[in-house]
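# Notes for the structure review
Each chain, letter by letter, is given below.
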Amino acid sequence: MYSFEYRRAQSVAEAAKLIKEVDDGKILAGGMTLIPTLKQRLAQPSDLIDLGKIPDLKGITLSGKTLTIKAMTRHFDVATSADVKKAIPALAVLAGGIGDPSVRHRGTIGGSTANADPAADYPAGIVGLGATIETNQRKIAADDFFTGLFETALEPGELIIAVHFPVPDKAGYIKFAHLASGYATCGVMVSKTGTAVRVGVTGAGPSAFRVPEMEAALAKSFTPDAIAHIKYPPDDLLSDMHAGAEYRAHLVTVMAKRAVAAAIA
Amino acid sequence: MAKISMKVNGKTVSGDVEPRTLLVQFIREHLGLTGTHVGCDTSQCGACNVHYNGEAIKSCTILAVQADGSEVVTIEGLAKPDGTLHPMQAAFREYHGLQCGYCTPGMVMVAVDIARRLPGADEETVREELYGNICRCTGYQGIVEAVMAGSEAMQTGVLPLKEHH
Ligand SMILES: Cc1cc2nc3c(=O)[nH]c(=O)nc-3n(C[C@H](O)[C@H](O)[C@H](O)COP(=O)(O)OP(=O)(O)OC[C@H]3O[C@@H](n4cnc5c(N)ncnc54)[C@H](O)[C@@H]3O)c2cc1C
Ligand code: FES
Ligand code: FES
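None of the values given here were measured: they were computed from a predicted structure.

### A short note on helix α10 (residues 212–220) of chain A
Residues and elements named next belong to chain A. M214, E215, A217 and L218 are the residues of α10 that are buried. Seen along its axis, α10 keeps its buried residues to an arc of 165 degrees; they face one direction. Along α10, the residues that are exposed and aim more than 90 degrees away from the buried face are P212, E213 and K220. Buried positions along α10 lie against β12 (184–193), β13 (196–202), β14 (209–210) and α11 (245–264).

Here is the structure:
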């Protein structure tokens, strides 16, 4: 690891101020992506600004039809929260399937969302449930947040404070996990709220995306059969030694069908 | 350099570390507690697991400075001072949960964490929960049996003995 300065922020305002002041600072949340990256010398920040001790950046609240998860809430807390299980059980399933218990004891929703790994689970949840990302500057709709491979709408120095999820009538999340890493080769979150349906896909493309054709079909009939014939074009999908684009395209339909089945089970 | 202090296996320890020092380096190199192992550099093998404020975490994926003020228990902290093994350690011995022993400290720390969080967990759950602990020797069968027996022993105080064939 290259050397860096370590700074512990006491508040979001202090973290935002520090990140502007230092040369090439990085926010440190759960460290489950950032520290392995530093260990491999794939990044060389001048300073790490740790959010770990900011008191009001953790916690889950259910208020009416909105579930709010603050940025430093860990995957473990989301997976085991009574409020999440009651309001959006599929989101508890998603968080409980991230990595392993030791990773879930440290990794956070804010870090995962900001990192925008193409194979991460949360982006499917955020897009498939139509969440809103609250930052220290503004609110960003899910559809505008993930802009590309490891790219988001966040400005330099902009911090995620919380993610707000509208509570759907039904939702289901299923991933086809990469056997070694556990990340999603393809993961799909499907949700239904009144007559509105959202299908959010992670793992298959450079960043999470929706499938409007499936959403339209599911709005008419919320059953796996309704989308069995819908093929996703492989043209813009990822392709690597583990799964080619054609295979990932196939998985989009299969995982979406299973997610619908989970939602109505 | 940064001054840090934390409780490790019940004792308050302190040290001067570079910010880039990992908790596992602090434990092994500064404190000389070499029971905690490092088996990879990708945060995937689980050999480095310790209990951090009561929960299993990978000590190779947290900076020592982040752990300032925390409570850490390493594999050395499980047995009683007189050497009596923790029930989970006894179970690993009884059920052949180890061969070379490299993965074992991390396995045992995670096993205790599983037993505390999910007492009475079935075999499938135990296998899922051990996802982040890689063993290159045993084929996992003995480990899974050990975790289930050790978990029972932690609840009842009695370790079910393995049937010997
Ligand atoms: C062995 C292993 C297996 C894993 N398996 C999975 C898996 O199956 N699925 C999955 O989705 N993920 C997986 N992960 C990744 C894990 O979910 C991470 O927790 C997550 O990607 C990053 O969250 P973090 O809190 O650890 O963030 P960090 O690593 O601390 O930070 C990640 C990035 O986000 C930035 N950042 C952090 N917080 C904020 C904030 N509030 N505002 C703005 N920027 C911020 C940081 O500067 C950094 O660039 C795995 C990780 C490991 C080590
Ligand atoms: S050494 Fe920590 S996970 Fe491998
Ligand atoms: S006993 Fe050798 S790696 Fe597990």
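### Quick word on the sheet that holds strand β2 (residues 25–28) of chain A
Strands in a sheet are paired, the pairing made by backbone hydrogen bonds, and the direction either parallel or antiparallel. Residues and elements named next belong to chain A. Read across the open sheet, the three strands follow the order β1-β3-β2; overall the sheet is parallel. Here the strands that pair on one side only, and so sit at the sheet edges, are β1 (5–8) and β2. When strand polarity is set aside, the average angle formed by the axes of neighbouring strands in this sheet is 25 degrees. As paired strands, β2 and strand β3 (residues 47–50) are joined by four bridges and run parallel to one another. Across the sheet, L28 pairs through a bridge with D50, a residue of β3.

### A look at the side chain of A:T152
Residues and elements named next belong to chain A. Structurally, T152 can be placed in strand β9 (residues 151–152). A relative accessible area of 18% places T152 in the buried class. Once residues within four sequence positions are removed from consideration, T152 is found in contact with T113, A114, A116, F145, F146 and T147.

Analysis parameters
Residues numbered from 1 in each chain as written. Chains lettered and ligands numbered in written order. Predicted model: local features only at pLDDT ≥ 70, side-chain atom pairs only at ≥ 80, totals over all residues. Heavy atoms only, no water. Buried < 20%, exposed > 50% of the residue type's maximum accessible area, 1.4 Å probe, protein only. Helix = DSSP H or I, 4+ residues; strand = E, 2+ residues; numbered from the N terminus. Arc of directions from axis to C-beta. Contact = heavy atoms within 4.5 Å. Pairing = 2+ DSSP bridges. Axes fitted to C-alpha atoms, helices over the stretch in contact; angles between N-to-C directions.

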